[in-house]
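Listed here are the chains, written in short residue letters.
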Amino acid sequence: MVDNPDELVVDLLHLKVVEDMLKRLDIPYNPIADDDRDERLGLALVRGIASMDVGEALALLRQRCAAERDGWTPTIGRNRDVEAVVGESHKPMDGGPPGFVEGPVTIVPLGDPVDEHSGRGVRVGVIDTKPAAPGTEPVPYRSGHAIFVKSLIRAYAPGAEIVELPLLDPVTARATSWDTARAIMDLATDPQKPLDILNLSLGCYTLAGGPPLVIARAIERIGARVLVVAAAGNHGLFETLTKGRDKHSATWPAAIPPVIAVGAVDGDGAVPDWSPHLPWVRYAAPGVEIVAEYLNETEVEHPEGRQKFTGAASWSGTSFAAAIASGAIAARTVPGSVTPLAALDKMTGPDGGGPVRRL
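Residues numbered from 1 in each chain as written. Predicted model: local features only at pLDDT ≥ 70, side-chain atom pairs only at ≥ 80, totals over all residues. Heavy atoms only, no water.

This part covers the overall build of the chain. Helix and strand counts for the chain come out as 7 helices and 18 strands. On C-alpha atoms alone, the chain measures out to a radius of gyration of 21 Å, which is about the 21 Å that the 2.2 N^0.38 rule sets for 359 residues. Principal axes of the C-alpha set define a box for the chain whose edges measure 65 × 50 × 40 Å. By the burial criterion, 55% of the 359 residues in the chain qualify as buried. Considering only contacts in the chain between residues 6 or more positions apart, those separated by 24 or more positions represent 76%. Element-wise, carbon and sulfur atoms account for 50% of the exposed surface of the chain, whose accessible area totals about 15,200 Å². Side chains of the chain carry 34 positive and 47 negative charges; the gap between the two charge centres is 4 Å. (Helix = DSSP H or I, 4+ residues; strand = E, 2+ residues; numbered from the N terminus. Rg over C-alpha atoms; globule rule 2.2 N^0.38 Å. Buried < 20%, exposed > 50% of the residue type's maximum accessible area, 1.4 Å probe, protein only. Contact = heavy atoms within 4.5 Å. Areas by Shrake-Rupley, 256 points an atom, 1.4 Å probe, with all protein chains shown as cover. Lys, Arg positive; Asp, Glu negative; His and termini not counted. Charge placed at Lys NZ, Arg CZ, Asp CG, Glu CD.)

In structure tokens, the structure reads:
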């Protein structure tokens with residue numbers, strides 16, 4: 001995964017220390033604009049560090065501050081890339097696109113029967129891909145990721161309100177961690193539309209270990225009021241470092257407590273090899289050859305060529321396990337009576353039912 005090469009994220013309380021040190025080290029940077037400060041996160045974005053590798057600049061800042069301040073270092077990190085967990089790295093899709101399904105189709109939820117009122121009064125936030133630009137032909141296949149995710153949530157909780165914030169690039173399915181964290185805050189702190197559940201079928205990875213500062217801060221700020229459900233990733237078969245991760249890598253924000261990290265199971269309840277077998281993956285839901293709504297009457301460009309879809313697709317990945325989990329939780333949540341976490345605990349307990357189970 002490629003991080004933004006010239007940007008650092010800094011705690012607002014430590015910004016003056018970092019700016020002073022950058023000047024003393026003769027490392028140029030862009031002036032801090034108003035939009036580079038986010039009071040909700042308590043962080044600032046420092047752009048334009050192009051005279052040296054941003055990782056070296058980060059290490060140098062920490063080293064000098066520690067030497068001069070009895071080991072203290074500012075709260076600072078890179079602005080990393082976040083991407084949709086699109087299931088393009090594992091079998092049975094063989095690294096390719098969603099499979100063709102003659103559509104439109106009726107999505108049949110797995111588990112308890114669902115009625116049209118399931119999830120009534122519950123708000124589920126979704127941060128996912130933007131649609132392709134009008135007139136784009138053929139359409140990049142990743143741009144249908146959000147459609148697929150939302151349709152699964154609706155299938156399990158048709159009465160819930162989905163509050164969407166399209167963010168990820170429709171071609172690459174990526175955004176920066178800074179923009180992702182701000183989107184999380186935009187959705188989760190809107191007093192007009194308070195969320196109950198936030199579905200994040202996306203993630204990022206860090207070679208140095210630990211979550212990106214800005215993502216961790218966003219989860220910290222909203223974790224007490226919103227249940228965050230996130231995809232565990234599809235890298236369980238990566239024996240060696242591939243695209244910045246291997247089978248032992250943590251996916252952020254899924255691995256941040258108290259986020260509900262969701263892996264995948266197949267139709268027999270078995271965890272596929274590509275779904276991470278790691279201690280922070282506490283729950284699983286169906287994620288193998290899942291059928292849901294997709295781009296309609298559209299020619300789609302994917303790694304194997306072009307294919308026309310007619311309203312539905314079959315796709316595998318923990319993105320879709322997370323979406324099913326979000327929908328199933330929403331269906332069992334009763335505003336003012338049963339919280340999303342209580343609904344999850346009941347569903348995954350010894351007498352529970354539905355598509356989500358504990359690992």
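Quick look at the packing of aromatic side chains now. One pass over the full model with this rule turns up 6 aromatic pairs. Each ring, one from Tyr 294 and one from Phe 309, has its centre 4.7 Å from the other, and the planes form 70°; the classification is edge-to-face. With Tyr 294 in strand E16 (residues 290–302) and Phe 309 in strand E17 (residues 305–315), the pair connects residues that are 15 residues apart, well separated along the chain. Residues Tyr 294 and Phe 309 agree in their burial class; the two are buried. An aromatic cluster of at least three residues, connected via ring pairs, comprises Tyr 141, Phe 148, Tyr 294, Phe 309, Trp 315 and Phe 320. (Phe/Tyr/Trp six-rings, centres within 6.5 Å; stacked < 30°, edge-to-face > 60°.)

This part is about the confidence of the model for the chain. With 91% of its residues at a pLDDT of 70 or more, the chain shows a mean pLDDT of 90. Confidence over residues 88–96 falls short of pLDDT 50; this stretch has 26 contacts with residues more than four positions distant or in other chains. (pLDDT = per-residue confidence, 0-100.)

Note that strand E14 (residues 260–265) and strand E15 (residues 283–286) share 4 bridges and pair parallel. Bridge assignment links Ala 264 to a residue of E15, and that residue is Ala 285. Pairing geometry for E15 and strand E18 (residues 357–358), over 2 bridges, is antiparallel. Bridge pairing in E18 places Ala 284 opposite Arg 357. (Pairing = 2+ DSSP bridges.)

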